[in-house]
Structure formats: structure tokens, C-alpha cells
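Chain by chain, the residues run as shown.
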Number of protein chains: 2
Amino acid sequence: MLGLHLILIVIFIVHGCSGGNILVVPVDGSHWINMEVILRELQSRGHQLTVLRSPNSWYIPEISSFYTTITVTSPEDQGEGFDPSLFSLLMQRSFEQNKMTPFWHFIEQLKDRAHTIHIFHSATLHFLSTILNDSIFLTRLKSTRFDLLLTDPAFPTGVILAQYLKLPMIYSVRWINAGEAHGELAPSPPSYIPAYNSLFSDNMNFLQRTFNLLLYLVSILIEEVFIMPVYSELLHRHFPPGADLRSMQHSADIWLMRVDFVFEFPRPTMPNMVYIGGFQCREAKPLPTELEAFMQSSGEHGVVVMSLGTLVSALPKEMTEVIAEAFSRLPQKVVWRYLGHRPSNLANNTLLLEWLPQNDLLGHPKTRVFVAHGGTNGLYEAIYHGVPVLGLPLLFDQFDNLIRLKGRGAARVVDASSVNVEDFVEALRDMLENPSYRDNIQRLSRLHHDKPLSPLDTAVFWIEYVIRNKGAAHLRSAGSSLPWYIYHSIDVVIFLLALGVAFLWVLIYACRLCHWSYRTKSKVE
Amino acid sequence: MLGLHLILIVIFIVHGCSGGNILVVPVDGSHWINMEVILRELQSRGHQLTVLRSPNSWYIPEISSFYTTITVTSPEDQGEGFDPSLFSLLMQRSFEQNKMTPFWHFIEQLKDRAHTIHIFHSATLHFLSTILNDSIFLTRLKSTRFDLLLTDPAFPTGVILAQYLKLPMIYSVRWINAGEAHGELAPSPPSYIPAYNSLFSDNMNFLQRTFNLLLYLVSILIEEVFIMPVYSELLHRHFPPGADLRSMQHSADIWLMRVDFVFEFPRPTMPNMVYIGGFQCREAKPLPTELEAFMQSSGEHGVVVMSLGTLVSALPKEMTEVIAEAFSRLPQKVVWRYLGHRPSNLANNTLLLEWLPQNDLLGHPKTRVFVAHGGTNGLYEAIYHGVPVLGLPLLFDQFDNLIRLKGRGAARVVDASSVNVEDFVEALRDMLENPSYRDNIQRLSRLHHDKPLSPLDTAVFWIEYVIRNKGAAHLRSAGSSLPWYIYHSIDVVIFLLALGVAFLWVLIYACRLCHWSYRTKSKVE
């Protein structure tokens, strides 16, 4: 990393206002959409925000009205950038894998997972190295006296930087390492907590529990083989001996969990995990005039809203034609967020938009069903507004997410890779005509809203709590710093077993001795 | 239970107001002091409260301005009643046990524990049988249409009744079965969560962890041998086959935990556990004129407040004289809640009171140190008002409670059974002169107050939540209804091990077969 060149675009506002001075290390993509909501709220309450970004950032703007940015650049970055077409490729591969036998499906998925992990963690390592190799930049960062580092630990830039700068740290988190964030800190009995991508619910039969346990072991393997070693050389160079990523990850003061238990299966949690699932949702605002007119034109039939999120830019042609054909058979109107070539068979009832005000559409009284890929942002919006979901999961956690909503009776799931017109129309009609989906998601919606403090206010409360109290060490369990074999009492159990065996051995030996001396005595007599 | 006679003093107000109709099944003694605070608050918010009590109740008044009572009587109860001198006896025995070797100490403690469990659970069984054998009473109870049963599950009257009446259930809880309530529902790794009465902290060495694991096993044994069997015949008679107490205990909608993590070691928890530790505390009210004059007369030295709670009525004479002598050597004034004979050596600086306004005294600016037995009510008041504690633990959880406060640097502990004047004076002077105790408890106090919602408001919110939503089943984990061997994946692990062994066996057998055929072939050649 010699010849490193660092451009600091706008930097280092020393803490001087009544609010806190917060260093933000976000994750790009849909994770940024989440983080931005919290940042806007923090800024409106008088906090100073400094966001660390890469010059090739996909979503994070360099210039913003509510935060300042530090763009970390090294010469090697020139012209480079993350290629979002990766996601379309992964989706294609996922469709192909669906046709394989379960074993090969599993192996191919594992390979894809290792590949994505490699791409993202290599980029993270590069970004981190650029920062940690620039001593002038680090000195200035230290002298800025931030009160707090706020990060999404899906990738550990923020985690390692907070440790380096010795700052209190807060997570906005759903995923960390190779699984859902709970699993990293809270006990997760594999008997009822389904592993990542298992597609199981919290009610498993014997065989499912067996596979689930194996999937847990695979997750641990992935972490140990593919993730932890990526950073070991960097940690060795910049931290005292013995520093390891896992204990750094465990050291966050507060974990703002992007989870709500109207959605997630109830499970063990920890005192410093705070639940803010759905914090990004808000009351619907009025729609643009044209769109409102389209919504009203649906009459009593109402509207189907479809969006497959931000990751995958375009679907395969066959799939879009199936969907377009299915929509054409409905009496409802359809608003479809659509990128790519217009399907040839599109009917008049369907409006294609390159971007749509998703939250406002879901909160519109005419909206009947939300056709979604199952990303959490969209699903929480559906819960917030009480709109049932027809899921077309494409990638990552989307399959698992939809299993949860389906389990609550508020969603149906269609296999995107093999969808045909009849099945899709049947699913749509079922969701439009059977009131149970709507009843169920509206019940979830009522429960989701029934809170002493809104999720966003909760997030802000705990961020300000950590600033006020300079951390929240008293909420971190002593277990989080124990090695795994001590945490699970493996050493104690082995010791007790050994003691038991030794005791038995002595007992048997003593018995034999008695027996032998008795026999000897008998013979002598 | 023939000839059962049941007196219903004031009963059955059918739900008709805007608030809820709540059936309360409290536990007597200091547990009632807790429960009463919640009931007052609920009544002030328009809820109807019906409290189930025994005619020999120790603390629960039959006539109250804020709840109605049902007094459950059977002829066998005439003149009977709980004898609180049991606690003084237990304390005496505990003092004697302190002089024994650790092994006999442990055995004697176990015997005492079994004895108290027997006394209390027999009384509970008698009370429950009286209720469940009276079908007319039960029919009327059912027809009252309660919205909720609120209970302290330290003894399972409320638990079993809620199940019988099919009512949503909320706990106000700290202890259940043979341990702290968390252990009943949330995973509790014995590597860092000290067992009941272990006197360990959350940072244990190898030997302590070994004992701690054994103490956990003892707890399980106590539950299975001394508690669960008490109720099996009753459950068999009044419930469908297969009904068991543990799954009934797990079925509560919300566990209002009388715990706060400024006091308790951080540990795994569950989504339906809500923390209300310190809910009984409130701002100090002005003291009676005479007491205020006494407080002011202390000048700059301030006042030591001493109270050993409600369980033990009188201390041994030698002990009170040691304490009186120690107090006489202080420049401070002392207010001492005292029952029994006045110590002969009492000095002028010490005021004895049969009852004292503890919360108001702890909130008084002249109060410097609180000498306490370590019951949670008193400790939370000390935290609330930021007064350091000199602990003289006598019974039950008091030893463990004080270990927690001592670990936070906010308390010192003196062994009540062997206390002498010099040691007690030294401890008092240290606490009065060394500012760290006060600094530490005031830091805890600030953290304790720093909450989005007060503990009492939190309790009321969740009680009303369960009334509004007719339960909170969506917050109960699927794990709580699994048998232990499934919960811990024991069956899956055995299956996988068997599979591994079988695989190895086949492999070895195949190798041998190859080897044999190779040798045979060689020989033939």
C-alpha cells in the first residue's frame, strides 16, 4: 500500500454543538437506504454526521444536505467500481440451481456464497487497508473526537475502525458474518431457530432439525474458513497481538436490530439488543396527481403493486412475460416497478414505472396486494401498512423472510424460477379474494404499531443514550468475551467426565483388590 | 376435600368499564409489597382488580380501597396461619451453618431449602385444591369473564388457575421453581451465569464454573424431586392427560421481570420478558416533622439508615449489641428500623423505629449509607436514590443480590453471623469516607433513570397490551414448548454420532474385506 493517496473531500467538524459528533460507516446498497433514514432523524435532532464512503459508492451520495462525507480513495480505485450486474448473474444461477438435485443445489449455493463473500470481503479489506495505512488521516480522525461510531457490521470496516479509534460503537444490523445477527451474540438453539437459507420455520421435524444443525455447522465453517482469515493479516499489522475480529464484533455497545417479532420467530436475545424493525416506515404521503388518478381508476377492484427491489435490475424475458400475462387477466389495476424492455404482452391495466413511491403506494387505500421479492425493507412496509404479500424471492435472505410472513398467514410464495401464468394468476386471485391474508397482516400491523415508542424513536433514544453515557458497557454480557469452549462449558464437562471415569476406575480396582484378597485368604484357609 | 366450605367476601364484578377486568393471584410477604404498587397504578388507570387471598394472609388486607378480594377458605383453615417465625429460625440455622465445613454447609442448606419448599408448596397445593374442588366457585369465576390473570409465579396458584380458566397470563416475577426466573425460559450458560446462592459473579474461574454447573444440576434435581411432584396428582385430577406444570409456567404471555441490568449481570433474555426492576421506587416525600428534625440534627456528617426488611422480625441479641456499639462510635446519626428488645448499649446518635418510610429516607439529602439485608426492594430503592449499601445478608437471594451491587463497586458486604464491632465500624467508615461507593451507585442511579419509559409505566403498558390484544402469543418462542432433549438437540446429536459410528464401521469392514480378498488372491496366486 505504498504510494497511497488519500483525498478527504469534506472533513472533520470538531464536536461543538449540543448534539453528538457521530462517525458513520455504512454498507452500500439497500443497507444504505435503511441507514439514511436514521441519519436524517439524527441530523434533525442536532447531531453532526460524518459518513465514510468509497469514491465508487453505488448508493451513497458524496454531497448531502444532512451529513458530510469522507471519501476514502487509493490510486488503485481509479475507474473501478462495484458491478451490480453480479446480482442478476447470481439470480440466474439460483434459477438454474433450482433444477438440480438437493445435494448439488446445496453445493452450488455454497460455491456462490463463497464467491460473494470473497468479492465483498476483499473490497472491505481493500477499503480498510487504505484507511489504516494512512497515519496522517488516522491522526486527524482521532483528533476529531467523535462521540460514537455508527455502523452496519454486515462488513467489518466500522467494527475494526471503532476498535482502532477506541470509540463507543452502535450497530444497525440484521446480518453479520455468515448469518442473522442474533446468532453472533445470543444463544441460538438449532432445535427451533432455523439457520440462514434453511427455508425452515421454528417448528421443525426430526429430519429438518438434523439438517438445521448441519447448516449451523456449515455457517461456522464459512466464517472460520472464508471470513475471519481475510482480516487476520490486517489485524496483525495494526493491532496488539491476539486481536481477533469476533471479539471486536462482540464489543458493540448497542445492537439496533432491524427486526420485529411480529415478523421474526421469537428467540433468545440479549440486553444490549434493541429492536427497531420497521423504523424506515412512515405514514403514506399523497401520490403524484397522475398516479393517484390511476389508483382511483381501479374502482372497487383496487390495485396490485409490484416491485422486486433494488438489487436485481432486470428479470429474464420469459419471467416478465409470464407476469405481464397474469396481470392482464386480473380485473385489478397494476403498478409495476420495472426496468428493462417492455413486455410485448403488457395489458392496459398495468402501469410500468422505473421508480415508484413504494411506501406511499402501500399506504394507499386502493392497494390490495404487494408482489415483492421479500427484502426486509419492503416486507416491513407491507406490515406497517397492512398489505398482504405475494412473494417472488430471488436472492439471499428473501426466501427466509417470506417463510416468516407466510407462517403468519400474511403471504404466499411463488417460485420465481418456474413460475407459469396459471399458477401466478391462481395465487394472485387467492390473495385478492381470500380475506384471511388481509386479516392476518392487518393483525400483525396492529401489533407492530402497538409500541410504547416508535422504532425510529427507539433507535435515536439508544444512540443518544450511548453518547450521554459514553457507552453501555454495563449491558454487555460477560459471555461475549469468553472463548467458545469455555462459553459452552466444554472444559468443565470434560473435567467432570474424567473425574467420573477416574472414580469408576478406582472403584473397580478397589473391588478387584477386595475380591483378590478374599480369594487369596480363602485359598490360604 | 369433602365438606369444603367457601366464603366469597366480595366478588365478581363483570367487565363493564373502559379498563380491563383483572384477576390477581399474588404471593404473600415482600412479594405483595411489590404487587400492590402495580395494582394501585392499574386501578388509577381504570382497571377493575380482584385479588385472590387466603383467610390467614400475612400481608394482603381483605378490605382495600383499590381492589376487591376473594378470600378462599376451607374448614381446615380455621385458626391456622403461616408462622413468620420460620424466617428467624432459618436465619439462626444459616448463622450456625456458616461455622461448618463447606460440604456440610452445603448439605444443611439443601435440607433447609427442601424444608421451606415443602412448607410453601404444601400450602400452595392446599389453597389450589380448595379452589379447584369447588365447581360452583369455578363456574362463577369463569362467568366473570376476566381479561387477564396477573400473578407472581414463585408459587404456581395463579399459573394453574390461568390455565384452568384459559385466561391470558402476565407474571410479575423474579423467582420461579428453584431459581431466578430467567433460567426457566431463557438459555443460561453456566459458564458465566451464576446459579442461585452460588455467591459467584459473572466472571468465574475454572473451579467456580465447575461448582456452578453442579449447582445448576442440583437446581434441576430440586425442581424434579421436590416441586413438580407436589402438583402432579392435582393436575391429573383437573386437567387433560399429559398436563404438566412446567409447560403451564412457560405459557405466560408476558414476564414482567423485577430486574434491571444496572443491577443484574447481563445475560440472555427472551422477547416476552420485559424489564421493570425498580418500578416500586418513587421520588422521596417530605418526612414527618420529628424525623426531619432528627435528620437535620446530623449536620454535615449525615445519617446512616438501617433496615433488615420484613422477613426477619428480630436479630440475635449479640448481633444487635455489636451493631449498636458500632453505631455509637460514629459521628453520624443513625435511623434504625428495629423490632425487639432495645440494645442496652444504644447511643444517643441512634434512633430506633418500628417502621420507617424507607423510600423517603433513602431519598433524603442527609442520608449517607444504607445498612440493608439485601432484599431487592431495598436495593432498588438504594439504586434509585443513589445511596451506597452496607449489606448484612440474612436469607435466600440476599447474598446473591449484594454480590451484584458489590461487583458494581456500590456496596460492601459484612458476614452477619460473625460480625464484630471493629469490622463493622471499619466497613461503615470506609463507606462513609471513600467517595467511590457513592460515585458508583450514583452512576448506576443515572443509568437506571435513563429509560424511554419508567419501569412502572412499562409494566402497565404491557398489561394493557395483553388486554388489548388478547394475549401476546406471537412473542412466545417455539422453544418453550419443546421437551428438554429436543430443545437441546440431544436426539439429533445422538443420531449424527450413530451415523458417524456406522459410517466408520462400514468403512473399516470394507477395508478389512478388501484386505482379506487381496490376501486370499495373493495366496491363490
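Residues numbered from 1 in each chain as written. Chains lettered and ligands numbered in written order. Predicted model: local features only at pLDDT ≥ 70, side-chain atom pairs only at ≥ 80, totals over all residues. Heavy atoms only, no water.

### Quick look at the overall build of chain A
Point 1. Across its full length, chain A holds 18 helices and 15 strands.
Point 2. Its C-alpha atoms give chain A principal-axis dimensions of roughly 110 × 60 × 45 Å.
Point 3. With 525 residues in all, chain A has 55% of them scored as buried.
Point 4. Considering only contacts in chain A between residues 6 or more positions apart, those separated by 24 or more positions represent 67%.
Point 5. On chain A, roughly 23,200 Å² of surface is accessible, and the fraction owed to carbon and sulfur atoms is 59%.
Point 6. Computed over 42 positive and 48 negative side-chain charges, the separation of the two mean positions in chain A equals 6 Å. (Helix = DSSP H or I, 4+ residues; strand = E, 2+ residues; numbered from the N terminus. Buried < 20%, exposed > 50% of the residue type's maximum accessible area, 1.4 Å probe, protein only. Contact = heavy atoms within 4.5 Å. Areas by Shrake-Rupley, 256 points an atom, 1.4 Å probe, with all protein chains shown as cover. Lys, Arg positive; Asp, Glu negative; His and termini not counted. Charge placed at Lys NZ, Arg CZ, Asp CG, Glu CD.)

### Some remarks on the pattern of salt bridges
Residue and element names in this part refer to chain A.
Point 1. Per the counting criterion, the structure on display carries 52 salt bridges over all chains.
Point 2. Glu264 is the salt-bridge partner of Arg174, the closest N and O atoms lying 3.5 Å from each other. Of this pair, Arg174 sits in the loop between strand S5 (169-173) and strand S6 (175-176) while Glu264 sits in the loop between strand S8 (254-257) and strand S9 (273-275), and the two are 90 residues apart along the sequence.
Point 3. Between Arg329 and Glu325 there is a salt bridge whose closest N-O contact spans 3.3 Å.
Point 4. Here the salt bridges do not stand alone but share partners, grouping Arg174, Glu180, Glu264, Asp397 and Arg404 into one network. (Salt bridge = Lys/Arg side-chain N within 4 Å of Asp/Glu carboxyl O.)

### As for the relation of the copies chain A and chain B
Point 1. After a rotation of 180° and a shift along the axis of 0.0 Å, chain A superposes on chain B with an RMSD of 0.1 Å. Taken together, the rotation and translation relating the two chain copies correspond to the operation of a two-fold axis. Within chain A, the C-alpha atom positioned nearest to the axis of rotation is that of A:Thr269, 2.6 Å from it.
Point 2. When the interface residues of chain A are mapped onto chain B, 100% of them again lie at the interface, so the same face is used by both copies. (Least-squares fit on C-alpha atoms with pLDDT ≥ 70 in both.)

### Remarks on helix H10 (residues 317-328) of chain A
All names here are of chain A.
Point 1. Spanning 12 residues, H10 covers 16 Å between terminal C-alpha atoms, matching the ideal 16 Å at 1.5 Å per step.
Point 2. Among the residues of H10, Met319, Thr320, Val322, Ile323, Ala324, Ala326 and Phe327 are the ones counted as buried.
Point 3. Summarising the contacts, the buried residues of H10 are in contact with helix H2 (85-97), strand S10 (303-307), strand S11 (333-337), strand S12 (350-353), strand S13 (367-372) and helix H14 (421-433). (Expected span 1.5 Å × (residues − 1).)

### Overview of the interface of chain A and chain B
Point 1. At the interface, 44 residues of chain A touch 44 residues of chain B.
Point 2. Buried area between chain A and chain B, summed over both chains or domains, comes out near 3,900 Å², and the portion from carbon and sulfur atoms is 71%.
Point 3. A salt bridge links B:Asp450 to A:Arg468, with the shortest nitrogen-to-oxygen separation between them at 2.8 Å.
Point 4. Across the chain A-chain B interface, the total number found is 9 residue pairs in polar contact (both at pLDDT 80 or more). (Buried area = accessible area lost by both parts, 1.4 Å probe. Polar contact = N/O pair within 3.5 Å; in protein donor to acceptor, adjacent residues only side chain to side chain.)

### Here's the deal with the UniProt feature "transmembrane region" (unreviewed entry) in chain A
Point 1. UniProt feature "transmembrane region" (unreviewed entry): in the numbering of this structure it lies at residues 6-25, 213-231 and 484-511 of chain A.
Point 2. Helix makes up 93% of residues 484-511 of chain A and strand makes up 0%, while its end C-alpha atoms are separated by 40 Å. (UniProt positions renumbered as here; feature names shortened; annotations may be inferred.)

### Notes on a nonpolar patch on the surface
Point 1. On the surface, A:Phe206, A:Leu207, A:Phe211, A:Leu214, A:Leu217, A:Ile220, B:Phe495 and B:Leu499 cluster together into a nonpolar patch covering about 720 Å² of accessible area.
Point 2. Looking at the nonpolar patch, the elements that each hand over two or more residues are helix H7 (206-238) of chain A together with helix H18 (490-524) of chain B.
Point 3. Examining the composition of the nonpolar patch, we find that 6 residues originate from one element, H7(A), more than from any other.
Point 4. Assignment of secondary structure puts B:Leu499 in helix H18.
Point 5. The exposure class assigned to B:Leu499 is partly exposed, which follows from its relative accessible area of 48%. (Patch = residues over 30% accessible without salt bridge, like charges linked within 9 Å, V, L, I, M, F, W, Y side chains within 5 Å.)

### Describing the domain arrangement of chain A
Residues and elements named next belong to chain A.
Point 1. Taken domain by domain, chain A comprises domain 1 (21-83 + 121-188 + 229-279 + 455-481) and domain 2 (289-449).
Point 2. Spacing between the C-alpha centres of domain 1 and domain 2 amounts to 32 Å.
Point 3. If you look at the interface, domain 1 gives 18 residues, while domain 2 gives 15 residues.
Point 4. Summing both partners gives a buried area of about 1,500 Å² for domain 1 against domain 2, and 56% of it is carried by carbon and sulfur.
Point 5. It is Val262, Phe263 and Phe265 that lose the most area in domain 1 upon contact with domain 2, and together they represent 44% of the buried surface on that side.
Point 6. Our enumeration of links across domain 1 and domain 2 arrives at 2 salt bridges.
Point 7. The salt bridge involving Asp397 is made with Arg174; its shortest N-O contact spans 3.5 Å.
Point 8. Where domain 1 packs against domain 2, one counts 9 residue pairs in polar contact (both at pLDDT 80 or more).
Point 9. Looking at the side of domain 1 that touches domain 2, its residues break down into 10 nonpolar, 4 polar and 4 charged. (Domains from an automatic or database assignment. Nonpolar A, V, L, I, M, F, W, Y, C, P; charged D, E, K, R; others polar.)

### Thoughts on the packing of helix H3 (residues 102-132) of chain B against helix H7 (residues 206-238) of chain B
Residues and elements named next belong to chain B.
Point 1. Between H3 and H7, the least distance of the axes is 11 Å, while the angle of their chain directions is 20°. Between H3 and H7, the angle falls in the class roughly parallel. Seen from above, H3 lies across H7 with right-handed handedness. Contact residues: Phe106, Leu110, Arg113, Ala114, Ile117, His121, Thr124, Leu125, Leu128, Ser129 and Leu132 in H3; Leu215, Val218, Ser219, Ile222, Phe226, Ile227, Val230, Tyr231, Leu234 and His238 in H7. (Axes fitted to C-alpha atoms, helices over the stretch in contact; angles between N-to-C directions. Parallel < 35°, antiparallel > 145°, perpendicular 65-115°, else oblique. Left-handed = near helix turned anticlockwise from the far one by under 90°.)

### Quick notes on the sheet that holds S12(A)
All names here are of chain A.
Point 1. Spatial strand order, S12-S11-S10-S13-S14-S15: 6 strands in an open sheet with parallel pairing. Every interior strand has two partners, whereas the edge strands, S12 and strand S15 (411-413), have only one. The sheet shows a mean angle of 20° between the axes of neighbouring strands, taken without regard to direction.
Point 2. Bridge count for S10 against S13 is 5 bridges, and the pairing is parallel. The residue of S13 that forms the bridge with Ser307 is Ala372. (Pairing = 2+ DSSP bridges.)

### Here we look at the packing of aromatic side chains
Point 1. As enumerated under the stated definition, the model contains 40 aromatic pairs over all chains in all.
Point 2. Between the aromatic rings of B:Phe103 and B:Trp104, the centroid separation amounts to 5.3 Å while the plane-to-plane angle is 75°, which identifies the pairing as edge-to-face.
Point 3. Seen in terms of ring centroids, B:Phe461 and B:Trp462 are 5.2 Å apart; in terms of plane orientation they differ by 85°. Their pairing is edge-to-face. Taken individually, B:Phe461 and B:Trp462 each receive the classification buried, so the pair is uniform in this respect.
Point 4. Among the aromatic residues, those joined into a ring-pair cluster are A:Phe327, A:Trp336, A:Tyr338 and A:Phe424. (Phe/Tyr/Trp six-rings, centres within 6.5 Å; stacked < 30°, edge-to-face > 60°.)

### Observations concerning the nonpolar core
Point 1. Counting 113 residues, the largest nonpolar core has A:Leu52, A:Ile160, A:Leu161, A:Trp255, A:Leu405, B:Leu39 and B:Ile463 as the members making the most contacts within it.
Point 2. The greatest single-element share of this core, amounting to 9 residues, is contributed by helix H16 (residues 455-469) of chain B.
Point 3. Excluding its chain neighbours within four sequence positions, the residues that come into contact with A:Leu161 are A:Leu23, A:Val25, A:Leu52, A:Ile131, A:Leu132, A:Leu138, A:Leu141 and A:Leu149. (Core = buried A, V, L, I, M, F, W, Y, C linked by side-chain atoms within 4.5 Å.)

### Thoughts on the side chain of A:Thr71
Point 1. Exposure remark for A:Thr71: the relative accessible area of 3% places this residue in the buried category.
Point 2. Polar side-chain contacts of A:Thr71 include one of 2.9 Å to the side chain of A:Arg53.

### Here's the deal with unusual backbone geometry
Point 1. Of note, the phi angle at A:Asn177 is positive, near 55°, even though the residue is not glycine.
Point 2. Mapped onto the secondary structure, A:Asn177 falls in the loop between S6 and strand S7 (179-180).

### A look at the pairing of S13(A)
Point 1. Among the 6 residues that make up S13(A), 5 are buried, leaving the element largely enclosed by the rest of the structure.
Point 2. Since S13(A) and strand S14 (residues 389-391) of chain A lie parallel, the crossover through helix H12 (residues 376-385) of chain A that links them has a hand, and here it is right-handed. (Right-handed = clockwise from strand over helix to strand, strands pointing away.)

### Notes on the environment of A:Pro286
Point 1. Relative to the assigned elements, A:Pro286 resides in the loop between S9 and helix H9 (289-296).
Point 2. The exposure class of A:Pro286 is exposed, given its relative accessible area of 77%.

### Quick notes on the pairing of strand S2 (residues 48-53) of chain B
In summary, the side chains of a regular strand alternate between the two faces of the sheet.
All names here are of chain B.
Point 1. The buried fraction of S2 amounts to 5 of the 6 residues, a majority that puts the element mostly inside the structure.
Point 2. Relative to S2, strand S1 (residues 21-25) is paired through 4 bridges, and the arrangement is parallel. Opposite Ile22, over in S2, you have Leu49 as the bridge partner.
Point 3. Considered for its hand, the β-α-β crossover made up of S1, helix H1 (residues 30-44) and S2 is right-handed.
Point 4. Inspection of the sheet shows S2 paired to strand S3 (residues 68-71) by 4 bridges, in the parallel sense. Pairing of Leu52 across the sheet is with Ile70, part of S3.

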